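# Remarks on the overall topology
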Amino acid sequence: MELPKRYNPQEAEPRWQKYWEEHKTYKFDPKDINIYSIDTPPPTVSGKMHMGHAFGNSQQDFIARYKRMQGFNVLQPFGTDYNGLPTQILIEKLKKVRAKDMPRKDFVKLCLETLEKELRLAYTADWKRLGISCDFDVKYTTINKHCTKISQKSFLELYEMGRAYRKEAPAIYCPKCKTAIAQVECEDKEIQSSFNDIIFKAEGKDLIIATTRPELLPACVAIFYHPDDQRYQSLNGKMATVPLFNHEVPIMPDQRADPEKGTGIVMCCTFGDNTDVEWQKAHNLPIRTAISKEGKMTSLAGKYEGKKIKEARAEIIAELKENKLLTKEKPITHPVNVHERCGTEIEFMHSKQWFIKYLDLKEDMLRWGEELNWFPDHMKNRYDNWVKGLAWDWCISRQIYFGIPFPIWYCQECNEVILAKLEQLPVDPLEDSPPVSECPNCQSKNIIPERDIINTWATSSLTPTIVKELFKDQPVYDYLSKNPFNLRPQGHDIISFWLFNTVVKSHLHYQMKPWQDCFINGWMLDPKGKKMSKSKGNVVEPQGMIEKYSADALRFMSGGSKLGEDFPFQEKDLLTGQKFINKLWNASKFSLMHLQDYKSGLITETARSKASEVPKAKPFCTFDQWLLSKLNKLIKESTESFEQHEYSKTKAEVEKFFWHVFCNDYLEIVKDRLYNPDTRGAEARKSGQEALYISLLSILKMIAPIMPHITEEIYHLYFDQKENAKSIHLSSWPKYNQQLINADAELAGDLGIDIISAVRKYKSEQQLSLKEEFSELILISEEADFEKMIKSVEADLKAVLKIKEIKFSGETSLESEKFSVKVGISK
């Protein structure tokens, strides 16, 4: 067989991807319950895969491929997240439209058509080009009819449980996106601002209050001080006049006032932050709304009505200065809650919203977290800290135009909630009729639809159910419905989003954990260790790196990062991956050239049958036994590492073994036996072939989950016929064989390697060619077993070192005119 001269990944990778698709290599079998199930993250369709996707999804795919080679029926679906605000913003930008200017039905149609016809195929192609081994026929989008029905059913069930409720109350609100958001959708951002000491009047005296938000003065409803703060106790029950706006507010004690912050006395506005919300509720204070949902000042602000928040802030500060009501203005940088989607500072708006009640479950939530296996285990701290810091029930209603509708209507007369029937689902109240013609409470016929949308995380938190229900009519459904998934892979940044909410919904609906293992990956950072961002101009596109190097090189880089760790992108890591590919190709070409006449021996047959069987024959050459002993230790370590999701450890150890033990040492040693069977003997050559076959095949299989394309290419040059397998990824993972562990052979082999290194060093120092022949080599050692061990590798040493005779001496003073080496050994 003539082997190709070189490997071209730009030609080979698409060819194998097409092969896998045509042969349905990664197809999930709905009849086989020997399942390893992965709750794959459905990426938001943003037009193309970014480096974070490539990084995290590669690591997830390492596990999927390993488990498939372990014989599992791997369920790795491919979902996409079309749902909610990100898609609405994307379509508005792409199509140059505004959702609010269109009928919702028309905008939804535009979104779906654009996603399906223009974005989804190209987006899916990015995943395939990376070599992700999903079953792309097991697919869903988070807004199709299947998902909509499941999401709406979840809401109806939570309503019947008394968990879903609607309330007119303060809610976290994004003025830019013009929708309520949940606590989990906020993040801290360092903002430059100023701390302003403002004069209020009380009992004819100045009362200094420090605030960063003077634009909320018209919304001030009370002033609080700590009950133990002696400075202000005489003001209890008195009234204070708000500067510029001149309305009076009560002065009251409350434990939540911090005497160490600012002047120790604080104004309560409706609403500036969560503490304001708590104060308003605890003291039954009136609600004054100074900021509208559009992020502008209301009529309550007088002459500042209609101005944007920051604009009003600057003008109010100027007026305070002009009226000598500002005693100090101190520039500060402080953390402010912003909407994680757009970076806009959030507000608190009093409005009707839908919530999921779960603050009463915090102890249960902590226990639910304990039930999961966390990889790495420290990621559980993020889950626990999030649960302990929860201050709000989950707000799930959104005032946007694209998403899954609430399956409800209202009576316009008495506000009775009218629920859709299960058999109606999926339903859109704006388009579909309610299940009744009149209100069951007051018999009014004035029934109106809910216009709000269910938050996308309320649907994404149902992904295990979404996937299980795809197989409702298949034999595996009973197993899937009664068991958690095996693995949830995801980034550490969405533990409080996706992971937490999935845990909550799984326990509320099914009283079981959603998965066994949480597999938490880190971020791919820019070369300076900063988060990649389009606005910063530091984004590295994975498509460009795949085109320049290869998908395998990119996956190789991802495999070099420990699970959970953030990893700065360095292009040299891709270059290292490409060098590994080239070396693997060249070493395999050499090996396969010498395996053309090889017939599988008993060891190979045993390795493909029962691992417990004792092989009936072994390679008799010591260096071959040395190689296979080290190889089987590597197989054992690599298998144990993969079982703990430590793919990076497997990658590092296999890489080290391949470069140093297999290429640098063994291939150089075995060459003479392979090339010269007439002088070395046919049995010696066969022994080398046996070791070569087993070790190269095992190396390929152990690196295959990380580098699927190059390993498939080499496998199909030779091994597919030997193993009768249509893909290396459907072949068996190498099995550890205790019978091939040989401590004596390892000791003798290691000693032989030391001798080879010493002789080569001598030749180099003497500026001699490595092919320079010596008549004799005298080895000096006082160790009892030294000569016996060297005798076991003597033939190979003579050949590789170009030595005609090896002599032994225990006399440490003995020297040879040609060469002498002192070697010590230890057991």
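Residues numbered from 1 in each chain as written. Predicted model: local features only at pLDDT ≥ 70, side-chain atom pairs only at ≥ 80, totals over all residues. Heavy atoms only, no water.

Moving on, we come to the overall build of the protein chain. Of regular secondary structure, the protein chain possesses 25 helices and 29 strands. Dimensions of the protein chain along its principal axes, counting C-alpha atoms only, are 110 × 65 × 45 Å. Counting the 827 residues in the protein chain, one finds 56% classified as buried. Contacts spanning at least 24 positions in sequence make up 78% of the contacts within the protein chain whose residues lie at least 6 apart. Placing the 116 positive and 117 negative side-chain charges of the protein chain at their respective mean positions leaves the two points 3 Å apart. (Helix = DSSP H or I, 4+ residues; strand = E, 2+ residues; numbered from the N terminus. Buried < 20%, exposed > 50% of the residue type's maximum accessible area, 1.4 Å probe, protein only. Contact = heavy atoms within 4.5 Å. Lys, Arg positive; Asp, Glu negative; His and termini not counted. Charge placed at Lys NZ, Arg CZ, Asp CG, Glu CD.)

The next thing to look at is the pairing of strand S7 (residues 186-202). Alignment of S7 against strand S13 (residues 326-339), held across 13 bridges, turns out to be antiparallel. The residue bridging Lys189 from the neighbouring strand is Val336, located in S13. Looking at chain direction, S7 and strand S8 (residues 205-211) are connected through seven bridges and run antiparallel. Within S8, the residue paired with Ile198 across the bridge is Ile209. Between the end of S7 and the start of S8, which pair antiparallel, lie two residues, with Glu203 showing a positive phi angle near 55°. Note that S7 and strand S10 (residues 239-241) share two bridges and pair antiparallel. Of the residues in S10, the one forming a bridge with Ala202 is Ala240. (Pairing = 2+ DSSP bridges.)

Here the focus is the pattern of salt bridges. Counted according to the given criterion, the structure contains 50 salt bridges. Its salt-bridge partner being Lys548, residue Glu571 comes within 2.5 Å of it at the nearest N-O pair. Here Lys548 lies in helix H14 (residues 542-548) and Glu571 lies in helix H16 (residues 571-593), a separation of 23 residues in the sequence. Given a relative accessible area of 53%, Lys548 falls into the exposed group. (Salt bridge = Lys/Arg side-chain N within 4 Å of Asp/Glu carboxyl O.)

For the coordinates displayed, the defined rule picks out 42 aromatic pairs. On the numbers, 6.3 Å between centres and 45° between planes, the contact of Phe519 with Tyr647 is tilted. Within this pair, whereas Phe519 is found in strand S24 (residues 515-521), its partner Tyr647 is found in helix H19 (residues 647-675), the two being separated by 128 residues in sequence. For Phe519, a relative accessible area of 0% translates into the label buried. (Phe/Tyr/Trp six-rings, centres within 6.5 Å; stacked < 30°, edge-to-face > 60°.)

Taken in spatial order, the three strands line up as S20-S19-S21 in an open sheet, and their pairing is antiparallel. Unpaired on one side and paired on the other, strand S20 (417-419) and strand S21 (447-449) mark the two borders of the sheet. Neighbour-to-neighbour, the strand axes of the sheet open up by a mean angle of 35°, direction not taken into account. Where strand S19 (residues 408-411) and S21 come together, three bridges link them in antiparallel fashion. Across the sheet, the residue bridging to Trp409 is Pro449, located in S21. (Axes fitted to C-alpha atoms, helices over the stretch in contact; angles between N-to-C directions.)

This brings us to the state of the cysteines. Scanning all chains against the criterion turns up zero disulfides. Unpaired in terms of disulfides, Cys177 finds its nearest cysteine sulfur in Cys174, a separation of 3.7 Å. Free of any disulfide, Cys442 has its nearest cysteine sulfur in Cys411, 3.5 Å distant. (Disulfide = S-S within 2.5 Å.)

Met51, Leu75, Met365, Tyr383, Leu499, Phe500 and Phe569 are the most contacted members of the largest nonpolar core, which totals 97 residues. When sequence neighbours within four positions are dropped, the list of residues in contact with Met51 reads Met524, Met532, Val540, Glu541, Pro542, Met545, Leu554 and Phe569. Within the second largest apolar cluster, 89 residues are counted, among which are Ile38, Ile710, Phe719 and Trp733. (Core = buried A, V, L, I, M, F, W, Y, C linked by side-chain atoms within 4.5 Å.)

Our focus in this paragraph is the packing of helix H15 (residues 551-559) against H19. Think of two packed helices as two axes; the pair is described by the angle between the axes and how far apart they sit. Look at H15 against H19: their axes get within 9 Å of each other, and the N-to-C directions meet at 115°. Considered as vectors, H15 and H19 are oriented roughly perpendicular to each other. Of H19, the residues touching H15 (which contributes Phe556, Ser558 and Gly559) are Tyr647, Ser648, Lys651 and Glu655. Here the contact of H15 with H19 is composed, by residue class, of two nonpolar, three polar and two charged. (Parallel < 35°, antiparallel > 145°, perpendicular 65-115°, else oblique. Nonpolar A, V, L, I, M, F, W, Y, C, P; charged D, E, K, R; others polar.)

What follows deals with helix H1 (residues 9-22). Helix length check: H1, at 14 residues, gives a terminal C-alpha distance of 19 Å against a target of 20 Å (1.5 Å per residue), a fit within 8%. Burial in H1 covers these residues: Pro9, Ala12, Glu13, Trp16, Gln17, Tyr19 and Trp20. Buried residues in H1, looked at end-on, bunch into an arc of 160°, giving them a common side. Facing away from the buried side of H1, by more than 90 degrees, are the exposed residues Lys18 and Glu22. On the buried face of H1, the contacting elements are helix H2 (51-69), helix H4 (104-130), H15, H16 and helix H22 (708-717). Its side-chain oxygen placed 3.1 Å from the backbone nitrogen of Gln10, Asn8 serves as the N-cap of H1. Where H1 terminates, the next one or two residues include Lys24, which has phi positive at roughly 50°. (Expected span 1.5 Å × (residues − 1). Arc of directions from axis to C-beta. Polar contact = N/O pair within 3.5 Å; in protein donor to acceptor, adjacent residues only side chain to side chain.)

A few words on a positive patch on the surface. On the surface, a cluster of positive charge is made up of Lys100, Lys178, Lys296 and Lys308. Relative to the helices and strands, Lys308 resides in the loop between helix H6 (274-283) and helix H7 (309-322). (Patch = residues over 30% accessible without salt bridge, like charges linked within 9 Å, V, L, I, M, F, W, Y side chains within 5 Å. Areas by Shrake-Rupley, 256 points an atom, 1.4 Å probe, with all protein chains shown as cover.)

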